[in-house]
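Remarks on the overall topology
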Amino acid sequence: MKRAFFVLVVGLVGCTSQPMVVRKAPLPVEPSSIAAAPVVPAYCQLDVQKITDQRLDPVTLGRVDGRIVRAPDDVRGWLANELRGLRARGIQVQFAGAASTKPSLPAVQADVELVSVWLSSMATTKVATVVMNFSYRREGRLLTTAVYRGNLNVVNWASTDAEIQQALDDAFGQILDQAAIDLQRMCTLPKAPAK
Amino acid sequence: MHRTLPNLLIHAALAVALSACSTQPSRTVPSQGRALSAGRELVVMVPQGEVDADVSASWIGGMFGVVGTLLDSSINQDRATDAENRLKTVRNALYGYNFDQRALDTAKTSLGAMKWLGIGKTSFFKDASPDRLNHSLDAATTQQAVFAVFHYAFTDNFNALSTRWTISIVPKTTARDGDRFDNAHVIYRQSFVCVSPLAMPANDAFNNTRQWSAGQARLARMAIEACFTRFEPLVRRSMEMTPAQREALKNGANFTDQRNGISGKLIEQTKVGNLVLDDSNRWVLILDAKAIK
């Protein structure tokens, strides 16, 4: 009986969670999957002109099983790192201010806005949601705006840093998948004739 | 390490603790000494990302060992997935509606209109954890701070959308950090629930979601706004009551609304809807569907 009580107390204390700050860069892909994954040649370039954050509180990303999750201090740097994940989807990403060369690939410009990013849990499930708005332009002309939503709900095993980070990265990944599909279409659009 | 079982135990313990704490203190703000020369800082909190659904979690399996716990996990994940899928539609339709900003503006304007509160510096947070609450209170330069915590969610079958807020006035000068937000130490605390039901709800969540989402979530936007409009009159009335008036609320006629799962004492019945003091001492305004415009 005493032992059961001890196990319960240790279990409960073990669950008293410290706040977590998400990584500024997504988790590295498992080496085994890198070896297995085909290298995708870049067929399109995205020039990110501006990254903005619409949230009133840029610090808090939610709560998973009582554990507060916070954004890194450099939110723009964090978002830029997430956007770099487009490279694995065949999109070269360049950011305003970085030394740029004339793109050899078809290029689209975009302003990217973080609308919402939130982590929560319900009983034994955790939910990660990211909403971003992309305004795409080509040669100064607005092509389209798109709102992308990444939403993932998976079993919350132990509220560890790694599994929370993975859920968030996967939600960002869903957004990048949708953006890559749109970019593929936009990059193959014929350029507007020069006036 | 697999920690779902301890998680379940924690949730069960929390549920018991929360049910014990769910009865709100009956407080009014004494008319003498209401106004403070330095005024009060306001802290607004919205501890959620987007609109939620009140999904009831399954805990029954936990009583039957690991297999039961896994069964619970599976049931809960199915329920969460269903709710998230339905919410996705409404959330997409609600795109552009900034609940956080509206909550902040409503609290600032409405509480600011109550001159004796002397609302000054205002801050906003998504984190409503005890650490954050204590930190905000410590950082306040006034003797007391006003906390307004908002929440909005659909019922589990999406037949109603409720906007909730709890207002607390908390003094800085109390002994231990952890106790400062206890009901025993706050000067005032009241929870309000504004329920906006669908005029013609369907029996299933799918069709109700369609109603809420139609026309860029026109109904959902109106429902939330209808509740924000009632923020000031409800809060003012509750705060400025005399203790005798507050006590008299308990003598209202018995009221039960089975559809929305609300029971308590009827405070008043108007064209706007029914105002009820529910069994947990919350003020619940069930809007008449015609009043949502």
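Refer to the structure presented above.
Sequence order sets the numbering: in each chain, residues are counted from 1 along the sequence as written. Chain A is the first chain written and ligand 1 is the first ligand written, with later ones labelled in order. Thresholds applied to this predicted model are a pLDDT of at least 70 for local features of residues and 80 or more for the giving and counting of side-chain atom pairs; totals over whole chains, interfaces and linings are not thresholded and use all residues. Hydrogens and water molecules were not included; the side-chain quantities draw on all heavy atoms of the structure.

**Focus on the overall build of chain B**
Within chain B one finds seven helices and ten strands. Within the span of chain B, comprising 293 residues, buried residues form 49% of the whole. Whether two residues touch is decided by their heavy atoms; if any such pair falls within 4.5 Å, the residues are in contact. Considering only residue pairs separated by 6 or more positions, chain B has 69% of its internal contacts joining residues 24 or more positions apart. When the accessible surface of chain B is totalled, it reaches about 13600 Å², and 55% of it is carbon and sulfur. Under the scheme used here, helices are H or I runs from DSSP no shorter than 4 residues and strands are E runs no shorter than 2 residues, and both carry numbers assigned from the N terminus. Type-normalised accessible area, obtained with a 1.4 Å probe on protein chains alone, sets the label of each residue: buried when under 20%, exposed when over 50%, and partly exposed for intermediate values. For accessible areas, the Shrake-Rupley method is used with a probe of radius 1.4 Å. Any residue's cover is judged against the shown protein chains and nothing else.

**Focus: the overall build of chain A**
Within chain A, the regular secondary structure consists of four helices and eight strands. Counting helices and strands in the order they occur from the N terminus, chain A gives α-β-α-β-β-β-α-β-β-β-β-α. For chain A, buried positions account for 48% of its 195 residues. At a minimum sequence separation of 6, the contacts of chain A that also span at least 24 residues come to 73%.

**Comments concerning the nonpolar core**
Leu 111, Phe 150, Trp 165, Ile 167 and Met 239 of chain B are the most contacted members of the largest nonpolar core, which totals 58 residues. Per-element accounting of this core gives the leading share, nine residues, to helix α5 (residues 205–229) of chain B. Put simply, a nonpolar core is a bunch of buried Ala, Val, Leu, Ile, Met, Phe, Trp, Tyr and Cys residues held in one set by side-chain atoms that sit within 4.5 Å of each other. One finds Val 22, Ala 110, Tyr 136 and Ala 171 of chain A within the second-largest nonpolar core, a separate group that totals 45 residues.

**Describing unusual backbone geometry**
It is generally the case that most residues other than glycine have a negative phi and that most peptide bonds are trans. The phi angle at Asp 65 of chain A is positive, at roughly 50 degrees, despite the residue not being glycine. Relative to the elements of secondary structure, Asp 65 of chain A occurs in the loop between β3 (60–64) and β4 (67–70). Judged by relative accessible area, which is 11%, Asp 65 of chain A ranks as buried. One non-glycine residue, Phe 158 of chain B, lies in the positive phi region at around 60 degrees. Owing to a relative accessible area of 0%, Phe 158 of chain B belongs among the buried residues under this scheme.

**Considerations on the packing of helix α3 (residues 75–83) of chain A against helix α4 (residues 161–187) of chain A**
Residues and elements named next belong to chain A. Think of each axis as a best-fit line through the C-alpha atoms, taken over the contacting stretch in the case of a helix, with angles from 0 to 180 degrees between the N-to-C directions. Following both chains from N to C, one finds α3 and α4 inclined at 60 degrees, their axes separated by 10 Å at the closest point. Between α3 and α4, the crossing angle belongs to the class labelled oblique. Relative to α4, α3 is oriented so that their crossing is right-handed. On α4, the residues touching Trp 78, Leu 79, Glu 82 and Leu 83 of α3 are Leu 168, Asp 169, Phe 172 and Leu 176. Three classes are used: nonpolar for Ala, Val, Leu, Ile, Met, Phe, Trp, Tyr, Cys and Pro, charged for Asp, Glu, Lys and Arg, and polar for all others, with Gly counted as polar. Within the contact of α3 with α4, the residues separate by chemical class into six nonpolar, no polar and two charged. Working definition: roughly parallel below 35 degrees, roughly antiparallel above 145 degrees, roughly perpendicular at 65 to 115 degrees, and oblique for all remaining angles. The crossing is said to be left-handed when, going from far helix to near helix, the turn is anticlockwise and less than a right angle, and right-handed when the turn is clockwise.

**Here we look at the side chain of Ser 129 of chain B**
Its place among the elements puts Ser 129 of chain B in the loop between β3 (119–125) and α4 (130–139). If near-sequence neighbours (up to four positions away) are discounted, Ser 129 of chain B is found in contact with Arg 63 and Ile 68 of chain A.

**Concerning α5 of chain B**
Residue and element names in this part refer to chain B. For α5, built from 25 residues, the straight-helix expectation of 36 Å at 1.5 Å per residue is missed by more than 12%, its first-to-last C-alpha distance being only 27 Å. We define the bend at any residue as the angle between the axes fitted to the seven residues before and including it, ending there, and the seven starting there. Where α5 bends most, at Gly 215, the angle is about 115 degrees. Among the residues of α5, those classed as buried are Ala 205, Asn 208, Thr 209, Trp 212, Ser 213, Ala 217, Ala 220, Ala 223, Ile 224, Ala 226, Cys 227 and Phe 228. Helix span, expected: 1.5 Å multiplied by one less than the number of residues in the helix.

**Comments concerning the pattern of salt bridges**
One speaks of a salt bridge when a side-chain nitrogen belonging to Lys or Arg is within 4 Å of a carboxyl oxygen belonging to Asp or Glu. By the definition in use, this model includes 19 salt bridges over all chains. A salt bridge links Lys 126 of chain A to Glu 163 of chain A, with the shortest nitrogen-to-oxygen separation between them at 2.6 Å. Within this pair, whereas Lys 126 of chain A is found in strand β7 (residues 125–138), its partner Glu 163 of chain A is found in helix α4, the two being separated by 37 residues in sequence. There is no split in this pair, since Lys 126 of chain A and Glu 163 of chain A are both buried. Here Arg 91 of chain B and Asp 52 of chain B are joined by a salt bridge, their closest N and O atoms 3.6 Å apart. Remark: Asp 52 of chain B occurs in strand β2 (residues 52–53) and Arg 91 of chain B occurs in helix α2 (residues 65–93); sequence separation between them is 39 residues. We classify Arg 91 of chain B as buried; its relative accessible area is 6%.

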